[in-house]
2 protein chains.
Amino acid sequence: MTSTLSTARPKIDETHLHAAPRTQVPERLLLGPGPSNAHPSVVEAMNYQPIGHLDPAYLQLMDEVQSLLRYTWQTSNPMTLPVSGTGSAAMEATLANTVEPDDVVLVGVNGYFGHRMMDMAERYRADVRSIHKSWGEVFSLEEIRAALEEHRPRILGLVHAETSTGACQPLEGVGDLCREYDCLLLADTVTSLGGMPLFLDEWKVDLAYSCSQKGLSCPPGSSPFTMSDRALEKMDRRQTKVANWYLDMSLIRNYWGQGRTYHHTAPVNMTYAIRAALRLVADERLEQVWHRHRACAEQLWAGLEDMGIFCHVPHEYRLTTLTTVRVPDGVDPKAVTKAMLADHNIEIGNGLGELGGKVWRIGLMGHNSRPENVDRVLAAMKQVMGR
Amino acid sequence: MTSTLSTARPKIDETHLHAAPRTQVPERLLLGPGPSNAHPSVVEAMNYQPIGHLDPAYLQLMDEVQSLLRYTWQTSNPMTLPVSGTGSAAMEATLANTVEPDDVVLVGVNGYFGHRMMDMAERYRADVRSIHKSWGEVFSLEEIRAALEEHRPRILGLVHAETSTGACQPLEGVGDLCREYDCLLLADTVTSLGGMPLFLDEWKVDLAYSCSQKGLSCPPGSSPFTMSDRALEKMDRRQTKVANWYLDMSLIRNYWGQGRTYHHTAPVNMTYAIRAALRLVADERLEQVWHRHRACAEQLWAGLEDMGIFCHVPHEYRLTTLTTVRVPDGVDPKAVTKAMLADHNIEIGNGLGELGGKVWRIGLMGHNSRPENVDRVLAAMKQVMGR
């Protein structure tokens, strides 16, 4: 058939054919909400040919990634692995696998990503409830207890590190409350993993997700996911198939586990990258990683204060990975971010959602969390704003 | 809070901490069903720092990817873009965006991936119907017409290139039938894009997906997706939200389109890679790409025949990208694939599903489709099988 057709083949349309130049990427210092710059050794680790996703050499890399990810998150969950997509895919995986229609899912909304969690849970036909705080504030244990008592959810979702507000939701004690109310605890750690103290098992977190391009100093595309045995039990008792094939952990676990059964082709080079990134955390050790992020954040906050610019979040709840900075009166925030990029090759982020136009977002995450970068961003801001 | 807590912090558990060696990847010639080897220039293009997904330089790369993808697929669909995941994510995107509960979806099943399509469509609560052929056979226009007449589907899904069987389903004329029956035509082109003639617009295909790691000579992780205006209309008339947040094209189009509204963080370095891969197709031109794949496939088929080994699929329906080879009587197929990998660093694939144990799968895709690779795989097979 094909060979017969070759003579009758339609003419090739070259409308969309154009000469694209060789890849040229400007050198940016990425101090926005992410992606951050990758560590040079991580970029280098991508610079290999892919191998087969069932190659014994690849299976070995997978095991190493799982183990190092457990260390970085401080969990012993067997189901700890990177999802084949960016952070939002890992986020969706937590809900897709555990939510069944009409399950009550309670979400603490104090920023953009709480809203996203609600939106996702609704798509899996959950009965979604929410509690709210102003963007930049966090929930107290008492508020969480009252909400659990009122809504009796199957899952409580909280954003540990709200990338839109710069606030850190304390999780100590929340897991105990969730056990008391027979509910799973789901935590967004997108902007905390590899940057801030996280003790998933100690805190009794049942479901968590993150990304590669922030605290892990890796390009985006391979995203940490973990679920506890309690969460697995809920998945295993499902009456319906997981309503998402690509992210179905009841299938994916057979590939990452003993069976090594093919599910989908792995993003092989991204696995090289995240493995190299997790190696960096292991080499430096978590204590030092967390300490470094705090020291650089304190340096940034002090420098901003010297310029008469203030942080949006009270000191005790600030993320050390991402700082929301109040735009001073009379300053056009987007003109500043544009000039920072155009004149200094530094990316900082604009405000998102409710904080749009009110704050900038400055990230010091992973390999970028270094004193010289703090100096560079402060100097550039001074120059751009004439302070 | 964080600073107060630092004294009361739990002890860090080092159970999962281990010294992972530097990345070491064996040099494989990947002649299985995928991934194939990446072109050196594609691997090199990944070797840059990520930049922001709203950086003007990145937006420019996105435009180039879209345009070159339209050329490669021979479509003018505005909604042509790479999905942030591997091929199965793009596959799921076609169904997730267009299927509403109780829509009749008719799938032509003549291999593994037809079954996967059914499984996915069911998860989006479609009323799934199917027609079947033996693994390795294809459907005739008459059979397709009869099935459309009987089932009156909203979507007809066919696998253009069945990776599990090596058969090519002709699509000429199918699009006209689908218009006649007011149905969308969905085509799996995972193993044909960048290797075999595809004329999506000419053939009136409404939805298609592919992957990066086969005909495009790119690592896996960025996966072509396209939908026609007819498919978009169906999506826009939905009564319910797309039941998958990460793949929701009604949101994603605002990022790829004029608005540039943030949806999810893009897998930036994978975008560098697929752009470089599509550039190769543009530089070589489609005619030559398709011709090269056919010439190498014919060389392989002739060489196998000389060894007394036969192809599973009749010549006229064979994929030129992936050949299913019948395992001769008395030969242990897995022992051969193992020896090919261990002794020759060549990966070929085992049979899948119904063809498990009955065939090998030999891929000559993208940059790997070269005469010297055909010689290498034939020589290795001869040596391993003692022929």
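Residues numbered from 1 in each chain as written. Chains lettered and ligands numbered in written order. Predicted model: local features only at pLDDT ≥ 70, side-chain atom pairs only at ≥ 80, totals over all residues.

Some remarks on the relation of the copies chain A and chain B
Between the two copies, chain A and chain B, the superposition gives an RMSD of 0.0 Å; the rotation angle is 180° and the shift along the axis is 0.0 Å. Taken together, the rotation and translation describe the operation of a two-fold axis. Among all residues of chain A, the one whose C-alpha sits closest to the rotation axis is A:G85, at a distance of 2.4 Å. Both copies share a contact surface, since 100% of the interface residues of chain A are interface residues in chain B too. (Least-squares fit on C-alpha atoms with pLDDT ≥ 70 in both. Contact = placed C-beta atoms within 7 Å.)

A word on the interface of chain A and chain B
By a frequent convention, interface size equals the accessible area lost on bringing the separate parts together. The interface is formed by 84 residues belonging to chain A together with 84 residues belonging to chain B. Contributing elements (two or more residues each) for the side of chain A that touches chain B: helix 1 (2–8), helix 2 (40–46), helix 3 (56–73), helix 4 (87–98), helix 5 (112–123), helix 10 (268–284) and helix 11 (286–306) of chain A. Here the side of chain A that touches chain B is composed, by residue class, of 40 nonpolar, 26 polar and 18 charged. (Helix = DSSP H or I, 4+ residues; strand = E, 2+ residues; numbered from the N terminus. Nonpolar A, V, L, I, M, F, W, Y, C, P; charged D, E, K, R; others polar.)

Re the packing of helix 11 (residues 286–306) of chain B against helix 13 (residues 371–385) of chain B
All names here are of chain B. One way to put it is that helix 11 packs onto helix 13 with a least axis distance of 9 Å and a crossing angle of 20°. By the criterion of interaxial angle, the relationship of helix 11 to helix 13 is roughly parallel. When the axes of helix 11 and helix 13 are compared, the crossing they make is right-handed. Residue-level inspection shows C296, Q299, L300 and G303 of helix 11 in contact with helix 13, the latter providing P371, V374 and L378. (Axes fitted to C-alpha atoms, helices over the stretch in contact; angles between N-to-C directions. Parallel < 35°, antiparallel > 145°, perpendicular 65-115°, else oblique. Left-handed = near helix turned anticlockwise from the far one by under 90°.)

Remarks on the domain arrangement of chain A
All names here are of chain A. Splitting chain A by domain gives domain 1 (29–36 + 286–385) and domain 2 (40–282). If you average the C-alpha positions of domain 1 and of domain 2, the two centres end up 26 Å apart. The interface is formed by 26 residues belonging to domain 1 together with 27 residues belonging to domain 2. If you tally residues by element for the side of domain 1 that touches domain 2, the top one is helix 11, at 4 residues. Of the residues that constitute the side of domain 1 that touches domain 2, the class distribution is 12 nonpolar, 11 polar and 3 charged. (Domains from an automatic or database assignment.)

Let's talk about the packing of helix 3 (residues 56–73) of chain B against helix 10 (residues 268–284) of chain B
Residue and element names in this part refer to chain B. Running from amino to carboxyl end, helix 3 crosses helix 10 at an angle of 40°, the nearest separation of the two axes being 9 Å. In terms of their interaxial angle, helix 3 and helix 10 are classed as oblique. Here helix 3 and helix 10 pass one another in a crossing that is left-handed. Packed against helix 3, whose contacting residues are Y58, L61, M62, E64, V65, L68, L69, Y71 and T72, the element helix 10 presents V268, T271, I274, R275, L278, R279, V281 and A282 at the interface. For the contact of helix 3 with helix 10, a count of residues per class yields 12 nonpolar, 2 polar and 3 charged.

Brief notes about the environment of A:R279
As for its placement among the helices and strands, A:R279 is situated in helix 10. Assessed through the 23 C-beta atoms surrounding it within 10 Å, A:R279 is described here as buried. Distance from A:R279 to A:P40, taken between C-alpha atoms, is 13 Å for residues 239 residues apart in sequence. Other than its neighbours up to four places away in sequence, A:R279 contacts A:L68 and B:A20. (Buried ≥ 20, exposed ≤ 12 C-beta atoms within 10 Å, placed from the backbone.)

Overview of the pairing of strand 2 (residues 79–83) of chain B
Residues and elements named next belong to chain B. The buried fraction of strand 2 is high, at 5 of 5 residues. In this sheet, strand 10 (residues 223–227) lies alongside strand 2 in antiparallel orientation, the contact comprising 5 bridges. Among the inter-strand pairings, P82 is bridged to a residue of strand 10, identified as P224. (Pairing = 2+ DSSP bridges.)

Brief notes about the sheet that holds strand 13 (residues 349–350) of chain A
Sheets are built from strands paired through backbone hydrogen bonds, the pairs being either parallel or antiparallel. Residues and elements named next belong to chain A. Taken in spatial order, the 3 strands make up an open sheet running 11-14-13, and their pairing is antiparallel. Strand pairing shows two members of the sheet lacking a second neighbour, strand 11 (322–326) and strand 13, which therefore form its edges. Inspection of the sheet shows strand 11 paired to strand 14 (residues 359–363) by 5 bridges, in the antiparallel sense. Paired with T323 across the bridge in strand 14 is I362.

What to know about the pairing of strand 14 of chain A
Residue and element names in this part refer to chain A. Of all 5 residues making up strand 14, 5 are buried, and the element is well covered by its neighbours. Both faces of strand 14 are covered, namely the face carrying V359, R361 and G363 and the face carrying W360 and I362. Sheet topology places strand 13 next to strand 14; 2 bridges connect them, and they run antiparallel. Paired with N350 across the bridge in strand 14 is W360.

Section: unusual backbone geometry
Here the residue pair A:G34 and A:P35 is connected by a cis peptide bond, since its omega of 0° sits within 30 degrees of zero. Within the fold, A:P35 resides in the loop between strand 1 (29–30) and helix 2. Unusually for a residue other than glycine, A:D182 sits at a positive phi of about 55°. Using a count of 11 C-beta atoms within 10 Å as the deciding quantity, one classes A:D182 as exposed. Look at B:R125: it is not a glycine, yet its phi comes out positive at around 65°. Looking at where B:R125 falls in the secondary structure, it is placed in the loop between helix 5 (112–123) and strand 4 (127–132). You can call B:R125 partly exposed: it has 17 C-beta atoms within 10 Å.

Let's talk about the nonpolar core
With 251 residues, the main nonpolar core has A:A121, A:A273, B:A121 and B:A273 as its most contacted residues. Every residue in contact with A:A273, bar those within four places of it in the chain, is listed here: A:V42, A:A45, A:M46, A:C218, A:P219 and A:S222. (Core = buried A, V, L, I, M, F, W, Y, C linked by C-beta atoms within 7 Å.)

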